[in-house]
Amino acid sequence: MKPDHILVRFGELTTKGKNRKLFIRKLLKNTKEILHDYSALEYELTYDRLYIYLNEENAEEVTDKLKTIFGIHNFSLCYKVEHDLEKAKEVVTYIIDHDEGNTFKIDTKRHDKSYPKNSIEMNKEIAGYVFHHTTKELSVDVHNPDILVRVEYRKDAIYIMDNMIPGAGGYPVGIGGKALLMLSGGIDSPVAGYLTMKRGVDIECIHYASPPYTNEMAREKVLDLVNVLKDYTHGSIKVHIVPFTDLQLSVYDHCDESYAMTVMRRMMYRIAEGVAKKNDCLAIVNGESIGQVASQTLESMNTINQVITTPVIRPVACMDKLEIIKIAEKIGTYDISIRPFEDCCTIFTPHNPATKPKAYKAEGYEAEWDFASEVQKCIDHTETIIINSKYKNNDDLF
C-alpha cells in the first residue's frame, strides 16, 4: 500500500477575498507547467485544496518539484478512500504499523457535517480499532506523539495522511506582473530574484558583459544562476546580455575615478529601464544591500536612482550578508555565485569611490560626452537568451 494522492494547501492565498479564484487558478497553471514531465498526473481544484492524483508517478520526484512552487503553503502525501470508516481504519492502522515510533495521535477533521459522528467520536473509534489490530505496542500521546495521523472526512471522500511537507509559500509567480532583475553573478542578486518571485512577480534578467575584461566563464556562471532560478517559476526565464564594454570604458575616460562607479551605475539603470520597457517589465529588481559597498549607501542609491522613473525593488536591502548567504545556500545559488569569475563591476572597481556622491557632480561628468547614444546602442544590441530545460544541451549559448 502506498499513497495515491497529494493534498496541496494554499496558505496565504486564502486571504485574497474576491481575487482568491484568480490566485488559485494561477497556482494550478504554474503547477501543471512545472510538473509537465509527469503526464499521468491528474488535478482536481476545490475551494481550499488542490488534489493531485499520482496515477503511479514517482511520488518522491513529484514532491521535490512541489517544494519549489510559490503559492503552496504545505502539502501531504495521502491515501484517498471512499466514505467507509472501516476502510479508513485499516489504512490508519497500516500507516501506524509502518511508521517509526510507539506513541500516536489521531486528528480527525469532519468537513462534511452530514456524517453523524463528530471528530472526537471518530478519533476514539479509529484509535480503538488501531489498538485491536496493530502489530506494535502502542500508547496514545495527544501532546507529542511519534506518529500523527490526520483524517479529513470531506464530501467526496476520506483523506488520510501522516505527513505535512512545507511548501515555498508566497504567491504564484506571474500573478503580480513582471520585473527585470539586474543579475551580476554575485551572491545577492539571485537571492533578490528568488524573493521577488516569491511575492508573485515573474522575472526576466539583465546582465552587463564587458569582454574581453569579462570572459565566457563569467557568462556561464550567470546563465547557471538563471538555470537554478527557473526551477522556482514556470520553467523558463529570459536573460538579456548587454554589450557594456564601450560604454564602461567611456565612463572611465570622462569621469574622475571617485565618480566612475556612480556614473557607471547610472548608465546601467538607464539601460535596464530601456530593456524593461521593451519587454513589458513593470519594475527593476537588484541585489543592493544598504551600506554593503560604496554604491549602496543611501546617498549613492539616491544619486543613481534619479536617472530613471521605473520603480526599483531591493528585496535584500535590509538584510545582512549572513542572512543573504543562508538563503543562497537554501535555494542552490551560493556555490555558483562564489565561482572566481568577476563581473564588470568588480573588475573596474575604483580605489576610492565616492560614498556620498552628489547628483550635480555626476551630471557634470555626464555632460562631457554623448552618453545617450551609447546607452541606446547597448539597448539595441542586447542579446536575449531563454534558459529552460534544454539549457545544458544548447552549445550555442557559449
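Rules behind the numbers
Residues numbered from 1 in each chain as written. Predicted model: local features only at pLDDT ≥ 70, side-chain atom pairs only at ≥ 80, totals over all residues. Heavy atoms only, no water. Salt bridge = Lys/Arg side-chain N within 4 Å of Asp/Glu carboxyl O. Helix = DSSP H or I, 4+ residues; strand = E, 2+ residues; numbered from the N terminus. Buried < 20%, exposed > 50% of the residue type's maximum accessible area, 1.4 Å probe, protein only. Core = buried A, V, L, I, M, F, W, Y, C linked by side-chain atoms within 4.5 Å. Contact = heavy atoms within 4.5 Å. Pairing = 2+ DSSP bridges. Axes fitted to C-alpha atoms, helices over the stretch in contact; angles between N-to-C directions. Right-handed = clockwise from strand over helix to strand, strands pointing away. UniProt positions renumbered as here; feature names shortened; annotations may be inferred.

## A closer look at the pattern of salt bridges
So, point 1. By the definition in use, this model includes 24 salt bridges.
So, point 2. A salt bridge links Glu86 to Lys89; its shortest N-O distance comes to 2.9 Å. Of this pair, Glu86 and Lys89 both sit in helix 3 (residues 85–98), three residues apart, roughly one helical turn.
So, point 3. The class for Lys89 is buried, based on a relative accessible area of 5%.
So, point 4. When the shortest N-O distance is used, the salt bridge between Arg339 and Asp224 registers 2.8 Å. A residue pair is termed long-range when its members are at least 10 positions apart, and Arg339 in the loop between helix 11 (334–337) and helix 12 (344–347) and Asp224 in helix 6 (residues 216–229) qualify at 115 residues.
So, point 5. For Arg339, a relative accessible area of 28% puts it in the partly exposed group.
So, point 6. Given the relative accessible area of 6%, Asp224 is considered buried.
So, point 7. Sharing partners across several salt bridges, the network here consists of Asp48, Arg49, Glu152 and Arg154.

## Section: the nonpolar core
So, point 1. Counting residues in hydrophobic clusters, the biggest one holds 38 residues, and the most contacted among them are Leu181, Tyr194 and Cys205.
So, point 2. Only strand 10 (178–182), helix 5 (188–198), strand 11 (202–209), helix 6, strand 12 (237–243), strand 13 (283–285), helix 10 (321–331) and strand 15 (383–387) provide two or more residues apiece to this core.
So, point 3. The element contributing the most residues to this core is helix 6, with six residues.
So, point 4. Each residue touching Cys205, except ones within four places of it in the same chain, is listed here: Leu180, Leu181, Leu183, Val226, Ile237, Lys238, Val239 and His240.
So, point 5. Ranked by size, the runner-up nonpolar core spans 34 residues in total, among them Met261, Val275, Ala362 and Val375.

## Some remarks on the sheet that holds strand 10
So, point 1. Pairing is mixed in the open sheet, where six strands are placed in the order 14-13-10-11-12-15. Lying at the two open borders of the sheet, with one neighbouring strand each, are strand 14 (312–313) and strand 15.
So, point 2. Contacts between helix 5 and the sheet are confined to strand 10, strand 11 and strand 13, with strand 10 contributing the most and set at about 170° to the helix.

## Section: the side chain of Thr303
So, point 1. For Thr303, the position within the fold is in helix 9 (residues 298–305).
So, point 2. The buried category is assigned to Thr303, whose relative accessible area is 3%.
So, point 3. In this structure, Thr303 is in contact with Thr262, Arg266, Pro357, Lys358, Ala359 and Ala362, ignoring residues within four places of it in sequence.

## Overview of the pairing of strand 12
On a regular strand, one side chain projects to one face of the sheet and the next to the other, so that they alternate.
So, point 1. When you tally the buried positions in strand 12, you get five out of seven residues, the bulk of the element.
So, point 2. Pairing of strand 11 with strand 12, which is carried by five bridges, proceeds in the parallel orientation. For Ile206, the partnering residue across the bridge sits in strand 12 and is His240.
So, point 3. Read as a crossover between parallel neighbours, the route from strand 11 over helix 6 to strand 12 is right-handed.
So, point 4. Where strand 12 meets strand 15, five bridges bridge the pair, whose relative direction is antiparallel. From the neighbouring strand, Val239 faces strand 15, where its bridge partner is Ile385.

## Remarks on the UniProt feature "binding site: ATP" (unreviewed entry) in the protein chain
So, point 1. Under the present numbering, the feature "binding site: ATP" (unreviewed entry) in UniProt falls on Met182, Leu183, His207, Tyr208, Arg265, Gly287 and Gln296.
So, point 2. Relative to the assigned elements, Met182 resides in strand 10.
So, point 3. Given the relative accessible area of 7%, Met182 is considered buried.
So, point 4. With respect to the helices and strands, Gln296 occurs in the loop between strand 13 and helix 9.
So, point 5. On the basis of relative accessibility, which here comes to 11%, the residue Gln296 falls in the buried class.
So, point 6. Setting aside residues up to four positions removed in sequence, Gln296 forms contacts with Glu288, Ser289, Ile290, Gly291 and Met301.

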